[in-house]
Amino acid sequence: MLRGATGGFSRGFAAAATTKGFVPGGGAPNSTPQWDDALIPRSWKHRWRKKKATSMKPDDILSRAAVQSLMRHGRRAKALRVYMDALKSLKAQWRKEDGEAAPTQTGLNGTGQLPKSRQTLACVAMERSMPALETKGVRVGANRLQVPKICSSHRSRFLGLSFLQKTAQGHLKTLRGTAPKQPPPGKGGASSRWLANTWRETLRGEGGALQKRDDLHRLAEANRAYTHYRWW
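Residues numbered from 1 in each chain as written. Predicted model: local features only at pLDDT ≥ 70, side-chain atom pairs only at ≥ 80, totals over all residues. Heavy atoms only, no water.

## Considerations on the packing of helix α6 (residues 153-172) against helix α8 (residues 208-222)
The cut-off we apply is this: Fitted lines through C-alpha atoms give the axes, limited to the stretch in contact for helices. The angle between two N-to-C directions lies from 0 to 180 degrees. Numbered from the N terminus, helices here are DSSP runs of H or I no shorter than four residues, and strands are runs of E no shorter than two. Our angle categories are set so that under 35 degrees counts as roughly parallel, over 145 as roughly antiparallel, 65 to 115 as roughly perpendicular, and the remainder as oblique. For any pair of crossing helices, the crossing counts as left-handed if the nearer helix is rotated counterclockwise from the farther one by less than a right angle, and right-handed if it is rotated clockwise. When checking whether two residues touch, look at their non-hydrogen atoms; a contact exists if any pair is within 4.5 Å. Polarity classes work like this: nonpolar for Ala, Val, Leu, Ile, Met, Phe, Trp, Tyr, Cys and Pro, charged for Asp, Glu, Lys and Arg, and polar for all others, with Gly in that last group.
α8 packs onto α6 with a crossing angle of 135° between their chain directions and a minimal axis gap of 8 Å. Classed by the angle they form, the pair α6 and α8 counts as oblique. The chirality of how α6 crosses α8 is right-handed. Contacts between α6 and α8 involve L159, F163, L164, K166 and T167 from the former and G208, A209, K212, R213 and L216 from the latter. For the contact of α6 with α8, a count of residues per class yields five nonpolar, two polar and three charged.

## Points about the pairing of strand β1 (residues 133-140)
Sheet faces and side chains relate simply in a regular strand, where the side chains alternate between the two faces. Here is the rule: Two strands pair under a simple rule: DSSP has to find at least two bridges between them.
Sheet analysis places β1 next to strand β2 (residues 143-150), joined by eight bridges and oriented antiparallel. Counted as the bridge partner of L133 is I150 from β2. Linking β1 back to β2 in an antiparallel pair, the connection comprises two residues, with G141 at a positive phi of about 70°.

## As for the nonpolar core
Operational definition: Throughout this description, the term nonpolar core refers to a set of buried Ala, Val, Leu, Ile, Met, Phe, Trp, Tyr and Cys residues connected via side-chain atoms within 4.5 Å. Think of it in three bands: residues with accessible area under 20% of the maximum for their type are buried, residues over 50% are exposed, and the middle band is partly exposed, with areas taken using a 1.4 Å probe on protein chains only.
Formed by 31 residues in total, the largest nonpolar core has its most connected members in Y83, L87, A122, M126 and W199. Residue assignment for this core shows that the elements contributing at least two residues are α3 (61-70), α4 (76-98), α5 (118-128), α6, α7 (190-203) and α8. At seven residues, the largest contribution of residues to this core is made by α4.

That's the geometry; what it means functionally is another story.
Dropping the structure here:
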């Protein structure tokens, strides 16, 4: 007789196993038991379900960080879907408006042209929005001064992704009494399309993400006289 949490379930399961043809040895000595699918309780079936394979998974650190920044309330599958739809929308917008020819700017590997891979294009846009300098508030007497500092790699990545995300979210917000903006062409919802449009503007050297990065650089450059207050 099988042992379980409750005696009734164990006895019923053992009786069903004997009546429905459960073979403990599988018909051969020292072999794996053969279980019928009808005997597996419903609460156990989810353990053997195969996970749905996504069409493309972000394999580099920058893409995984982008998916992490898009996630809200632990819904990683939804954030991954928004990211993948943004990649498809980026490819559609690039072909429709810019054509197959890429602008002559420095790419990810220092080449003259940008790569044609949509995921690599998104990584280039995210790298261009990452700042190199920022400011940190230091209290000196009764004043609080903004002391410039060099961004670390993870801090620069966080700021760049937040610039892109805030720029894309700014298009979704509309003033009271005004009609909502029409999202650019592409696949997915409005969030994916505006995110792809923000990537495309960054690749062309324009947009709100680069403006936020330049404003942060100008603020750090203007406060370089307070560098001697840096204690870290």
